[in-house]
Amino acid sequence: MESRYRLRNSRDFEQMRQQGRTFSRPSLLLNVRANGLDYNRYGFVVGKRLGTAVTRNRIRRRLREAMRRLHPQLHPGYDVVIIARPPVGGAVFSSILDVLKDVLCQAKLKDSQERGAEE
RNA sequence: CAGGUUGGCCGGGUGAUCGCUCUCCUGCCUGAGCAGGGGGGAGGAAAGUCCGCCCUCCACAGGGUACGGUGCUGGCUAACGGCCAGGCGGGGUAACCCGACGGCAAGUGCCACAGAGAAGUGUAUUGCCCCAUGCGCGAGCAUGGAGCGAGGGUGAAACGGCGGUGUAAGAGACCACCGGCGCGGGCAGUGAUGUUCGCGGCCAGGCAAACCCCACCGGGAGCAAGGCCAAGCAGGCGCAUUGGGGCGACCCGUCCCACAAAAAGCGCCGGGUCGGCUGCUUGAGCUUGUAGGUAACUACAAGCCCAGAUAGAUGAUCACCCACGACAGAAGGCGGCUUACAGGCCGGCCUGGACA
RNA sequence: GCCCCAUUCGUCUAGAGGCCCAGGACGUAGCCCUCUCAAGGCUAAAACAGGGGUUCGAUUCCCCUAUGGGGCA
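What you see is a predicted model; the values in this text were computed from it and never measured.

**Some words on the pairing of strand β2 (residues 28-34)**
On any regular strand, side chains alternate: one points to one face of the sheet, the next to the other face. For β2, a buried count of six out of seven residues is recorded, marking the element as mostly surrounded by other parts of the structure. Relative to β2, strand β1 (residues 21-25) is paired through five bridges, and the arrangement is antiparallel. Residue F23 lies in a different strand from β2, and its bridge partner there is L30. With antiparallel pairing between neighbouring strands as the criterion, β1 and β2 make up a hairpin whose turn holds two residues. Of the pairings in the sheet, the one linking β2 to strand β4 (residues 78-84) comprises seven bridges and is antiparallel in character. Paired with N31 across the two strands is V81, which belongs to β4.

See below:
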């Protein structure tokens, strides 16, 4: 993922906590907020509860790879923060991808494949 | 062959597609950047942060006290609490392993319970022996007195061992030998130490990871150090008969600033600062060879460049192979120690058994 | 990244080498009291984070590990 698409500023993360919309799944949390730009920015939060540095890195890489694949299908102009929860540690990549698709559809950042081009 | 012990090495591999980071070349471009191609891209512990050092700042760092650390000897090293070699002690049949391994006859303190006694001049309801009185034919018994420290007993630990002289019974009370201690000397060794001779006094308990004493070492802080740029905010108080401050515990000592108009400076309080660049990887570096050294290691020569991210780079999918993959992710760098670890490979040595 | 601190019954704590098979409070269980519950009384179970070392002897002293917590922009 290119660095211009990353969410880097700690102030941005603070504002996401206060102003962003939150969607919850057992394995992760999704924060979404409009950013006024013509592209999306992404951030990942993997806390120390998730395990050692090796497992945290693995979780973050899988999340980042999943978002890289979904990125072309998303509506632009949003900041997205994904917060990992403990069940994601043992999940395989395809199930992470499914959960992300599901929660992004609920957040109306992505068109649902089943319902066609409603939005 | 089995068991043990010890030293070293490896830590899944190959291929394809899509991606990430650094760097080089080419092209486009004012530039930021974009496109194509080439190359590099986590570990033996990157970990814990237990030590040591480089580096950076604190207005150079001197002495004493305090505090902390280390603690057999010699060497290696930039340095170390590390490593190598040796000594001593302990464990093991052995190979080998382990050791905070200076000082308790400088001082102070502690040694529960049990025990007469837990550290000097000590003790008796057990015991040994003698005397007196009483009882008894007698052996002896009871009571009282004096002597004794051998025996029994307690304890984790009890004030040398064995033999003899001596005595009423005994005792380093005395003697020979042995063990141990102190002093002085010889020999071997750089030294720790070993060995040996002489003299002494009869013997000196343990604990210093108890206070402490001795020797040596240590200025403090840490890359969020420090430097530069951008942005932003609000200023106030103190600073001469000498004052404020630094050397982060204290004293001496020393240094810096101010010496009166203002400014600047220093200190304290308050406010602001969450963005970049740098430090940032060529180094006590790696590989090979030669030489010196028992070794740790060192010297020389040749060749090589081997991560540098900054919300933090190694992932996803597929195929094949096998022993079906453990512990685990750089964040300034380096040398160690410690801890975690599926499995595999190579070598040395010891013990036991069998065979030749 | 760097620097510190703590760990004792289920919970909060005391203890600072032996005197104590680690004391107290709340909670838990049983019994008594009551028509029943509460309150009260009596009794019991229940812990030194793990490993190694020093010592005759360790919750205490030293080292390592694990877990939890705090500070520094």
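Back to the write-up after that little detour.
**Some points on the confidence of the model for chain A**
For chain A, the mean per-residue pLDDT works out to 79, and 87% of the residues sit at or above 70. Across chain A, the element-wise mean pLDDT spans from 73 in helix α1 (residues 10-19) up to 88 in helix α3 (residues 93-106). Long-range and interchain partners of residues 114-119, a stretch whose pLDDT sits below 50, account for two contacts in this model, where long-range means more than four residues apart. Interface confidence for the predicted complex, expressed as ipTM, amounts to 0.76; the pTM equals 0.77.

**What about helix α2 (residues 53-70)?**
Spanning 18 residues, α2 covers 26 Å between terminal C-alpha atoms, matching the ideal 26 Å at 1.5 Å per step. Among the residues of α2, those classed as buried are R56, I59, L63, A66, M67 and L70. Down the axis, α2 shows its buried residues gathered within 100 degrees of arc, on one side only. The outward face of α2, more than 90 degrees from its buried face, is lined by the exposed residues V54 and R61. Where the residues of α2 are buried, they touch β2, β3 (41-45), β4 and α3.

**Section: the nonpolar core**
As a rule of thumb, nonpolar side chains are buried together in soluble globular proteins. In this structure, L30, L63, M67, I82 and L100 are the most contacted members of the largest nonpolar core, which totals 27 residues. Broken down by secondary-structure element, the contributors of at least two residues to this core are β2, β3, α2, β4 and α3. Not counting the four nearest positions on each side in its chain, L63 is found in contact with L28, F44, I82, A84, I96 and L100.

What counts and what doesn't
Residues numbered from 1 in each chain as written. Chains lettered and ligands numbered in written order. Predicted model: local features only at pLDDT ≥ 70, side-chain atom pairs only at ≥ 80, totals over all residues. Heavy atoms only, no water. Buried < 20%, exposed > 50% of the residue type's maximum accessible area, 1.4 Å probe, protein only. Helix = DSSP H or I, 4+ residues; strand = E, 2+ residues; numbered from the N terminus. Pairing = 2+ DSSP bridges. pLDDT = per-residue confidence, 0-100. Contact = heavy atoms within 4.5 Å. Expected span 1.5 Å × (residues − 1). Arc of directions from axis to C-beta. Core = buried A, V, L, I, M, F, W, Y, C linked by side-chain atoms within 4.5 Å.

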